[in-house]
Amino acid sequence: MAEDRFGARAALGGVDGVDLYRLDRLATLGVGDPSGLPVTVKILLENLLRHSGERHVGEADVEALVRWSGAGGDDRERAFTPARVLLQDFTGVPAVVDLAAMRSAMARAGGDPSRVDPLAPADLVVDHSVQVDSFGTAQAYAANIEREYERNRERYELLRWAQQAFHGFRVVPPGMGIVHQVNLEYLASVVALREQDGGRVALPDTLVGTDSHTPMVNGIGVLGWGVGGIEAEACLLGQPLYLLTPVVVGVRFHNALQPGVTATDLVLTLTELLRKHGVVGKFVEFCGSGLSALTAADRATMSNMSPEFGATASLFPVDAQTLRYLRESGRDPAHVDLIERYCREQGMFRTDEEEIPRFSEMVELDLATVEPSLAGPSRPQDRVALSRVWESFTAKFGNGEVPAEGDGQLSRFEGEGGHPAPAGEHPHPAGHPQPRTGLRDGSVVIAAITSCTNTSNPSVMVGAGLLAKRAVERGMRPPDHVKTSLAPGSRVVTDYLERAGLLEPLNALRFNLVGYGCTTCIGNSGPLPDEVAEKVEGEDLAVVAVLSGNRNFEGRIHPQVKASYLASPPLVVAYALAGTVHVDLTREPVGHDREGRPVMLRELWPSSEEVASVVREVVGRDMFDREYSRIFDGDENWRLLEAPTGSMFDWQGDSTYVREPPFFTDMAPEPGNPGDIEGARVLALLGDSITTDHISPAGVISRTSPAAAYLTEHGVDVRDFNTYGARRGNHEVMVRGTFANIRLRNRLAGDREGGFTEHLPSGEVTTIFDASTRYQAEGIPLLIIAGREYGSGSSRDWAAKGPLLLGVRAVIAESYERIHRANLVGMGILPLQFRPGESAASLGLTGRETYRLEGIAPALTPGGEVRVTARAEDGGETAFATVARLDSLTDVDYHRHGGVLPLVLRQLMSRG
């Protein structure tokens, strides 16, 4: 029974039989007035109010948050219990494996394994496993999904088992859409209904997801964000998240976008702006009259990239645009009415006339100043104007000197050779009917309309189709070296493109449907054609990918592609036609027509009015109703899969996809006390912006890697290696893939690219996995030392699990990305932070020292100090203090237990 300590439960006006927990009750009682709070804080406050009196929430928590001033500095941690959990298969499969392993451990301890069961509703969407093996033909989709099932049958059978073994656990099969777009279009209720004490209660639809881009659903007023797989598992098992007092940054929009400027251009501008302002670990909330000119799809495009600008979440409060989207996307009209009534009663409904809430900080953006842009060549926050793309490419890969117009010359690369084009050659020779087809530095070899970010937005997808239609009418085609693909986030996208007559011109440009999944954006771009791959490899060319995604970190998109640019879908088509980034599309032709006449981009670009007219005409509620009526059914491949049964998963010892992880074997009934670390060695000394892609790559498995050796030993043919992401259910593969990214630079390996290190004191340079195996056999604990923004990027739990299995006990970095820090804590690895102004370089650390870490004790408090002493080879010592990034008492408890899952498992075991 809920205690309702504040007497806040009351009937929701106009809806029979539904109650809510009224926020204004707190003002009536004189506790505090919530009316001026940001909607983000109101949602968190409602969560506390509804759970007040339960084990994790006291009255003082409610009283403190309702008086939120926005100033920050309050280190009080408060419980947050999300309404549901969302998973995708790359991170969801390891979560299922962990839950299955916890059941096995519970059974070994003599307990009831069924006690390990989700207490929060969970949906898993299979969307990360399809690869672009086949492209450019009408048969590409069928061929790719057939290959997907060949590669992933064991994983999918595990998910079929989970469907029947766990309560409240649903799976959206392959080929149905991308997790975030399915969430936006169908799963999100905005206001949820729950049975409680014999009645129904309305509450904000909140969630956490095992993907960084979970905040995409913030675009329709749903508060949710990405967490590590281990945190999500804890939430599934009834553990709340613990949040410090939120800092909420208001972003006020003025005016409207100029004609020809897309939501993609806006989000790239916003990412650059907020990265510079500094919103890492903060909440963002949008406000201002400019919001009314932005559709819910535009808003979702921006919220999607919250991790790229570093925010925890980026909320667009519910307003008239939200309700319009919900109706158009097939939601029950009665439920949409409930949403409006609930949000208005709780003061969570936005209008242009309302006062701006009081925020911690405020950022202003005039939408009229946004210009066409891309981001790259290797980070999503590095926005570059359309006219300066070539300049950004040469600044990264050349000597920084931009060739004169018409020169065609790419300066030789510093430190890795280079291949200048013949002098005087221009991207578009006069009178030639096609863009230049010769492969050279700057050639576009991948052009992909992919990812949830943009394919959720009909305006940019229709824009791409209209641009393709005009190009086809002029007789234009992409060069043969461009691998083109269309991978929408929802089956609704191809429905409306077909209704508009735009699939045909996209197909004519070889943008054939390849799958409904993340594909290129997560590195599932598939192989380049043999002749392209051979020339790129043989001449060490710096070639380019242009994609409508949200991530373009080094080594992520394709191992042979050195530069990647994020762009709107219409610009992806444009660069496919150009075949190169050695062109200024604002002044130079994108290509030539069938008569050899130059064609400018502005001649192909559809007007905003034309795009809006087509969208109104072709996007209909009937499409959403049809596609989502069968969302859980799957195709014949899914229905023919074996469906294992029973409460316990039957681990197969010869499986190379799914193996029982060692995290819970021989686990003591009670936790030990973490002691000091003596005689540690550095496994890797790394620089700034080390992403989770560097730590735990999701791309292809190199034939020369330790993971490849393992698979070969187990009889797996090279053709069937699949990707690291697809094999996340096998810890033996994943630990061998940890720090195996081909673009990793470890200073202990002489800054050599790849997953190498120097084993000390032997001096042998070997793979990081092989070195760690030797160190662990020698009983030597290991450290990672890094620079700023360690662990940025996707919320990959294996970026913490892998280092743990390598023997890493602690990481010392200048700063951390939010999710990865939490993942390290969740796996029992101690995240330490250099004091401001200090770094490995300033302290003269080479990574060849032996290390002693002191102060790791049961009494360690949040933000406590850990003393580090580095003893050099000549006997000299450097001592310095670090801050333990255990940010809350909960973090300290997790560390004491060796991670959050051992803590939860011990709690379940102690209950009998």
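Undergrad: It is not clear to me how the overall build of the chain should be interpreted in this structure. Could you clarify?
TA: Within the chain, the secondary structure is distributed over 31 helices and 32 strands. In terms of overall dimensions, the chain is globule-like: its C-alpha atoms have a radius of gyration of 27 Å, near the 29 Å expected for 912 residues. In terms of its C-alpha atoms, the chain occupies a principal-axis envelope of roughly 80 × 75 × 55 Å. Each of the 912 residues in the chain was classed as buried or not, and the buried ones make up 63%. Here the analysis covers contacts within the chain between residues at least 6 apart in sequence; of these, 75% occur between residues at least 24 apart. Between the averaged position of the 89 positive side-chain charges in the chain and that of its 121 negative side-chain charges there is a distance of 1 Å.

Undergrad: What exactly am I supposed to notice about the layout of surface pockets here?
TA: If a probe as big as a water molecule is rolled over the atoms, it shows which places are left empty. Of the volumes computed, that of the second largest pocket is approximately 1100 Å³. Lining the second largest pocket we find 46 residues, and of these T295, D298, N457, S459 and V615 sit closest to its centre. Those elements giving two or more residues to the lining of the second largest pocket turn out to be α6 (179-187), α9 (296-304), α11 (320-328), α15 (458-473), α16 (491-499), α21 (608-618) and α22 (621-628). Sorting elements by how many residues they give to the lining of the second largest pocket places α21 first, with 6 residues. The residue makeup of the lining of the second largest pocket, split by class, is 23 nonpolar, 16 polar and 7 charged.

Undergrad: Just checking my understanding: could you explain the side chain of Q833 for this structure?
TA: Looking at where Q833 falls in the secondary structure, it is placed in strand β29 (residues 830-834). Take Q833: its relative accessible area is 18%, and that puts it in the buried class. From its side chain, Q833 meets the backbone oxygen of E814 in a polar contact 3.3 Å long. Among residues more than four places away in sequence, those in contact with Q833 are A813, E814, S815, Y816, T882, V883 and R885.

Undergrad: How do you make sense of the sheet that holds strand β27 (residues 782-785) when you look at a structure like this?
TA: Either a parallel or an antiparallel arrangement is found when strands of a sheet pair, and the pairing is made through backbone hydrogen bonds. Strand order in the closed barrel formed by 7 strands is β24-β27-β28-β29-β32-β31-β30, and the pairing between neighbours is mixed. When strand polarity is set aside, the average angle formed by the axes of neighbouring strands in this sheet is 35°. For β27 and strand β28 (residues 808-813), the ladder comprises 4 bridges, and the chain directions are parallel. Looking across to β28, one finds that L782 is bridged to V808.

Undergrad: Help me understand the packing of α11 against helix α12 (residues 333-345) in this model?
TA: A packed helix pair is summarised by two numbers, namely the angle formed by the two axes and the spacing between the axes. At a minimum axis distance of 10 Å, the contact between α11 and α12 shows a crossing angle of 165°. Taken together, the axis directions place α11 and α12 in an arrangement best described as roughly antiparallel. Handedness of the α11/α12 crossing: right-handed. Every residue of α12 that contacts α11 at L323, L326 and R327 is listed here: V336, I339 and E340. Taken together, the residues of the contact of α11 with α12 sort by class into 4 nonpolar, no polar and 2 charged.

Undergrad: Can you help me understand helix α7 (residues 229-236) in this one?
TA: Within an α-helix, residues lying three or four positions from one another point in the same direction, as the helix has 3.6 residues per turn. The buried count for α7 comes to 8 of 8 residues, which makes it a mostly enclosed element. Along α7, the positions that sit buried rather than exposed are G229, I230, E231, A232, E233, A234, C235 and L236.

Undergrad: Can you walk me through the nonpolar core in this structure?
TA: The nonpolar side chains of soluble globular proteins are, as a tendency, buried together. Among the nonpolar cores identified, the biggest contains 250 residues, and I220, V573, Y790, Y851 and L853 are the most heavily contacted of them. At 11 residues, helix α4 (residues 89-108) tops the list of elements feeding residues into this core. Among all residues touching Y790, those that are not within four sequence positions of it are L686, I690, I695, F739, I784, V811, A813, S815, Y816, E817 and H820. By size, the runner-up hydrophobic cluster in this structure holds 40 residues, among which are F253, V261, L291 and L541.

Undergrad: Quick question: what am I supposed to make of the packing of aromatic side chains here?
TA: Aromatic ring pairs are defined here through the distance separating the ring centres and the angle between the ring planes. The tally for this structure, following the rule as stated, stands at 19 aromatic pairs. Relative to F649, the ring of W161 has its centre 5.4 Å away and its plane inclined at 65°; by these criteria the two rings are edge-to-face. Here W161 is found in helix α5 (residues 140-165), whereas its partner F649 is found in the loop between α23 (636-639) and β24 (677-685), with 488 residues between them in sequence. Assigned by exposure class, W161 and F649 land together as buried. Among the aromatic residues, those joined into a cluster by ring pairs are W161, F166, F169, F649 and W651. The cationic tip of R344 hangs over the ring face of F349; the distance from NZ or CZ to the ring centre is 3.9 Å. Sitting over the ring of Y657, R727 keeps its end group 3.9 Å from the ring centre.

Undergrad: Which parts of the structure should I look at to understand the pattern of salt bridges?
TA: Pairs can form between side chains of opposite charge whenever their charged atoms are close. Counting across every chain of the model gives 63 salt bridges. For R388, the salt bridge identified is with E391, shortest N-O distance 2.4 Å. In this structure, the salt-bridge partner of E753 is R745, at a minimum N-O distance of 3.4 Å. We classify E753 as partly exposed; its relative accessible area is 32%. Residues participating in the shared-partner salt-bridge network are R474, D593, E595, R597 and E603.

Undergrad: Please clarify how the sheet that holds strand β2 (residues 18-21) should be interpreted in this entry.
TA: Read from one edge to the other, the open sheet built from 4 strands follows the order β1-β2-β8-β7, with strand pairing classed as mixed. In this open sheet, the two strands that pair with only one neighbour each are β1 (9-11) and β7 (191-196). The sheet shows a mean angle of 40° between the axes of neighbouring strands, taken without regard to direction. Pairing analysis gives 2 bridges linking β2 to strand β8 (residues 199-204), with the strands arranged parallel. Residue pairing for β8: D19 is matched across the bridge by V201. Here α12 sits on the sheet and contacts β2, β7 and β8; the angle it forms with β7, its principal contact strand, is near 90°.

What counts as what
- Residues numbered from 1 in each chain as written.
- Predicted model: local features only at pLDDT ≥ 70, side-chain atom pairs only at ≥ 80, totals over all residues.
- Heavy atoms only, no water.
- Helix = DSSP H or I, 4+ residues; strand = E, 2+ residues; numbered from the N terminus.
- Rg over C-alpha atoms; globule rule 2.2 N^0.38 Å.
- Buried < 20%, exposed > 50% of the residue type's maximum accessible area, 1.4 Å probe, protein only.
- Contact = heavy atoms within 4.5 Å.
- Lys, Arg positive; Asp, Glu negative; His and termini not counted.
- Charge placed at Lys NZ, Arg CZ, Asp CG, Glu CD.
- 1 Å grid on protein atoms, 1.4 Å probe; cavity = no way out; pocket = protein on both sides within 12 Å on 5 of 7 lines; lining within 4 Å.
- Points joined across faces, edges and corners; volume = space filled by probe spheres on them.
- Nonpolar A, V, L, I, M, F, W, Y, C, P; charged D, E, K, R; others polar.
- Polar contact = N/O pair within 3.5 Å; in protein donor to acceptor, adjacent residues only side chain to side chain.
- Pairing = 2+ DSSP bridges.
- Axes fitted to C-alpha atoms, helices over the stretch in contact; angles between N-to-C directions.
- Parallel < 35°, antiparallel > 145°, perpendicular 65-115°, else oblique.
- Left-handed = near helix turned anticlockwise from the far one by under 90°.
- Core = buried A, V, L, I, M, F, W, Y, C linked by side-chain atoms within 4.5 Å.
- Phe/Tyr/Trp six-rings, centres within 6.5 Å; stacked < 30°, edge-to-face > 60°.
- Lys NZ or Arg CZ within 6 Å of the ring centre and 35° of its normal.
- Salt bridge = Lys/Arg side-chain N within 4 Å of Asp/Glu carboxyl O.

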